[in-house]
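# Structural overview
One-letter residues, chain by chain:
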Amino acid sequence: MTIAFLVVAVLAALALTRLPGAIRGRNPLVVASAFAIALAFALITPEVYRAVDGVLPFENATDLLAKLLLFTGLLLAGTQVARAYDAPRTLRFVSGPPGALVFVGVFVVEVALFVASEPTGRAADLALDLDQGVVRLYSTVATAYPAYLFALLLPHVVRGVRSSQTSARLTSLLLSAGGVLAIVRFAIGLVTLGVPAAYPVGQIVSGLAAVLVALGLALAFFARRLRSRAAR
C-alpha cells in the first residue's frame with residue numbers, strides 16, 4: 001500500500017496547490033481530476049477501505065466507489081491532456097459521446113460483474129476471491145478503461161519527448177511510461193483470466209503506472225505554474 005499512499009500524496013499536493021486557481025475558474029479539471037484519483041487510491045488502502053465499507057449499504061461497495069472515482073479522474077485528466085495537445089478527434093473519443101458511451105459501458109459491466117460475484121470478505125478489487133472467474137473478469141474489466149484512454153492519448157504525449165523544454169520532455173516520458181504500463185496491465189489482466197497467479201504481477205504494474213502518471217501530471221502543472229510566475 002506504499003504505492004497507494006505515494007499516489008495520494010502527489011495528487012493531493014497537486015490538487016491543493018491548484019485549488020485557489022480552480023476557485024477562480026482556472027483549470028478546474030486539473031483539481032477535480034487530482035482529487036478524484038487521490039480519493040480513489042485513498043479508499044483502497046486497507047484501513048480506510050474497512051472503515052468506509054463498514055458504513056456503506058453492502059459489502060465491498062467501497063471498491064465500486066473507488067473505481068468510479070478513478071474512472072472519473074482519468075476521464076477529466078484525459079480531457080485536459082487532449083485539449084492541451086489540441087487533439088479534437090481524440091477529445092471526442094475521451095469525453096465526447098463515444099467516450100461517454102465507453103465510460104458508462106465499462107462501469108455498467110463492472111457493476112453487473114460485481115453483483116454476479118460472491119465475495120467472502122472485504123478486500124479492494126475483491127482480491128480475496130480470485131478463485132472465482134467472475135472476480136478475475138471484474139478485475140480485468142477495470143483495467144480496460146485506463147488502457148483505452150492511454151491508447152488514445154499516447155500518440156500525442158509521446159511527441160513531447162522531443163520538446164526543447166526539459167520539463168516537457170520529463171512530463172512526456174513519465175506519462176508515456178505510465179500509459180504503456182497501463183496498457184500492459186490490461187494485457188496481464190487478460191492473462192489473469194486463465195492464470196490467476198499473474199494477478200500480483202499485474203498489481204505491481206498498476207502501482208508503477210499510477211505513480212508515473214501522478215508524477216507526470218504533477219510535474220506538468222507545477223512546471224506550468226513556475227513558467228507563469230517567471231513570465232510575470
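Refer to the structure presented above.
Residues numbered from 1 in each chain as written. Predicted model: local features only at pLDDT ≥ 70, side-chain atom pairs only at ≥ 80, totals over all residues. Heavy atoms only, no water.

With that out of the way, let us pick up the nonpolar core. Core analysis: the biggest nonpolar cluster contains 32 residues, and Phe71, Tyr138, Tyr145 and Leu153 have the highest contact counts within it. At the level of elements, helix 2 (28-43), helix 4 (61-84), helix 6 (97-116), helix 7 (133-159), helix 8 (166-194) and helix 9 (199-231) are the ones that each hand at least two residues to this core. Per element, the largest residue contribution to this core is 9 residues, and it comes from helix 7. When near neighbours in sequence (up to four residues on either side) are disregarded, tyrosine 145 contacts Phe71, Leu75, Val94, Val102, Phe103 and Val106. (Core = buried A, V, L, I, M, F, W, Y, C linked by side-chain atoms within 4.5 Å. Buried < 20%, exposed > 50% of the residue type's maximum accessible area, 1.4 Å probe, protein only. Helix = DSSP H or I, 4+ residues; strand = E, 2+ residues; numbered from the N terminus. Contact = heavy atoms within 4.5 Å.)

This part takes up a nonpolar patch on the surface. Judged by side-chain polarity, Val158, Val161, Leu170 and Leu173 come together as a nonpolar surface patch covering roughly 300 Å² of accessible area. Within the fold, valine 161 resides in the loop between helix 7 and helix 8. (Patch = residues over 30% accessible without salt bridge, like charges linked within 9 Å, V, L, I, M, F, W, Y side chains within 5 Å. Areas by Shrake-Rupley, 256 points an atom, 1.4 Å probe, with all protein chains shown as cover. Salt bridge = Lys/Arg side-chain N within 4 Å of Asp/Glu carboxyl O.)

Take the packing of aromatic side chains next. Tallying each qualifying case throughout the model produces 7 aromatic pairs. For the ring pair phenylalanine 114 and tyrosine 138, a centre distance of 6.0 Å and an interplane angle of 50° mean the geometry is tilted. Taken together, the residues span a long stretch of sequence, with phenylalanine 114 in helix 6 and tyrosine 138 in helix 7 at a distance of 24 residues. Residue phenylalanine 114 shares its accessibility class with tyrosine 138, and that shared class is buried. Three or more aromatic residues joined by ring pairs form one cluster here, namely Phe71, Phe103, Phe107, Tyr145 and Tyr148. Sitting above the plane of the phenylalanine 93 ring, arginine 92 keeps its charged end 5.8 Å from the centroid. (Phe/Tyr/Trp six-rings, centres within 6.5 Å; stacked < 30°, edge-to-face > 60°. Lys NZ or Arg CZ within 6 Å of the ring centre and 35° of its normal.)

Once that is clear, we can look at helix 4. The first and last C-alpha atoms of helix 4 sit 35 Å apart over 24 residues, in line with the 34 Å expected at 1.5 Å per residue. Most of helix 4 sits out of view: 18 of its 24 residues are buried. Once helix 4 ends, the next one or two residues include aspartate 86, with phi positive near 50°. (Expected span 1.5 Å × (residues − 1).)

It is worth spelling out the packing of helix 6 against helix 7 at this point. One way to put it is that helix 6 packs onto helix 7 with a least axis distance of 9 Å and a crossing angle of 165°. If you check the angle between helix 6 and helix 7, you find them roughly antiparallel. When you trace helix 6 past helix 7, the crossing you get is left-handed. On the side of helix 6, the interface is formed by Gly99, Val102, Phe103, Val106, Val109, Glu110, Leu113, Phe114 and Ala116, while helix 7 contributes Val134, Leu137, Tyr138, Val141, Ala142, Tyr145 and Tyr148. Of the residues assigned to the contact of helix 6 with helix 7, the class counts are 14 nonpolar, 1 polar and 1 charged. (Axes fitted to C-alpha atoms, helices over the stretch in contact; angles between N-to-C directions. Parallel < 35°, antiparallel > 145°, perpendicular 65-115°, else oblique. Left-handed = near helix turned anticlockwise from the far one by under 90°. Nonpolar A, V, L, I, M, F, W, Y, C, P; charged D, E, K, R; others polar.)

This part is about empty space enclosed by the protein. Applying the stated criterion across every chain, the model contains 2 cavities of 30 Å³ or more. Volume-wise, the largest cavity comes out at about 140 Å³. Around the largest cavity, the lining residues are Leu74, Ala77, Gly78, Val81, Leu149, Phe150, Leu153, Leu154, Val157, Leu175, Val213 and Leu217. Among the elements of the structure, helix 4, helix 7 and helix 9 are those that each provide at least two residues to the lining of the largest cavity. Top contributing element to the lining of the largest cavity by residue count: helix 7, with 5 residues. Residue composition of the lining of the largest cavity, by class: 11 nonpolar, 1 polar and no charged. (1 Å grid on protein atoms, 1.4 Å probe; cavity = no way out; pocket = protein on both sides within 12 Å on 5 of 7 lines; lining within 4 Å. Points joined across faces, edges and corners; volume = space filled by probe spheres on them.)

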